[in-house]
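# Working through the structure, step by step
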Amino acid sequence: NNLGKSYDIKLLSTHTQLLIPPSTELIIRSHEVKQNGYEIEHDGKVITVFSAPNYCDQLGNKGAFIKIDADTKLSFVTFDAVPHPVRIKRMRCFN
């Protein structure tokens, strides 16, 4: 794509060394539901973070975000969904 390099992360399980150059310290990605809000994979080089708890009001997952301090130390904050206000309808993503 014209935004830069893009890879299918699912390929990383068998092609990690081919797709992640040795100089790469960390890839942080999103847009994939993780039950605990985040997941660290591929020898700590790939982190997936997902910030939507109970995605589509159906999956029961936690949400998460990453804090990165001045020394580039990572800390993970997870959280649960809260009930919708009565006036907002539940989402219907998987019907």
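Residues numbered from 1 in each chain as written. Predicted model: local features only at pLDDT ≥ 70, side-chain atom pairs only at ≥ 80, totals over all residues. Heavy atoms only, no water.

### Overview of the overall build of the chain
Along the backbone of the chain there are one helix and five strands. Going from the N terminus to the C terminus, the chain shows its helices and strands as α-β-β-β-β-β. Burial statistics for the chain: of 95 residues in total, 20% are counted as buried. Taking all contacts inside the chain whose residues are at least 6 apart in sequence as the whole, residues at least 24 apart take part in 36%. Accessible area for the chain stands at about 7,400 Å²; split by element, carbon and sulfur atoms hold 53% of it. (Helix = DSSP H or I, 4+ residues; strand = E, 2+ residues; numbered from the N terminus. Buried < 20%, exposed > 50% of the residue type's maximum accessible area, 1.4 Å probe, protein only. Contact = heavy atoms within 4.5 Å. Areas by Shrake-Rupley, 256 points an atom, 1.4 Å probe, with all protein chains shown as cover.)

### Thoughts on the sheet that holds strand S2 (residues 38–41)
On the basis of which strands lie adjacent, the open sheet formed by three strands has the order S1-S3-S2 and mixed pairing. What marks the edges here is a single partner per strand, and that holds for strand S1 (27–29) and S2. Between one strand axis and the next, the sheet turns by 15° as a mean value, whatever way the strands run. Bridge analysis of S1 against strand S3 (residues 46–49) gives three bridges, and the strand direction is parallel. Its bridge partner lying in S3, Ile27 is registered against Val46. (Pairing = 2+ DSSP bridges. Axes fitted to C-alpha atoms, helices over the stretch in contact; angles between N-to-C directions.)

### Some remarks on the side chain of Asn61
Locating Asn61 in the fold gives a position in the loop between S3 and strand S4 (63–68). Reaching out from Asn61, the side chain makes a polar contact with the backbone nitrogen of Tyr55 at a distance of 2.8 Å. Those residues in contact with Asn61, other than ones at most four positions away along the chain, are Val33, Lys34, Gln35, Phe50, Ala52, Pro53, Asn54 and Tyr55. (Polar contact = N/O pair within 3.5 Å; in protein donor to acceptor, adjacent residues only side chain to side chain.)

### What about the pattern of salt bridges?
Throughout the structure, instances matching the rule amount to four salt bridges. Two residues, Glu32 and Arg29, come together in a salt bridge whose shortest N-O distance is 2.7 Å. For Glu32, a relative accessible area of 22% corresponds to the partly exposed category. Note that Lys34 is salt-bridged to Glu39, the shortest N-O span being 3.0 Å. For Glu39, a relative accessible area of 31% translates into the label partly exposed. (Salt bridge = Lys/Arg side-chain N within 4 Å of Asp/Glu carboxyl O.)

### Description of unusual backbone geometry
Not every positive phi belongs to a glycine, and Asn54 is a case in point at roughly 50°. Despite not being glycine, Cys56 shows a phi value in the positive range, around 55°. The topology assignment puts Cys56 in the loop between S3 and S4.

### A few points about the pairing of S2
As paired elements, S2 and S3 share four bridges and run antiparallel to each other. Paired with Ile40 across the two strands is Ile47, which belongs to S3. The hairpin turn running from S2 into S3, its antiparallel successor, is four residues long, and His42 in that turn takes a positive phi close to 55°.

By themselves, these are just geometric observations and shouldn't be taken as functional.
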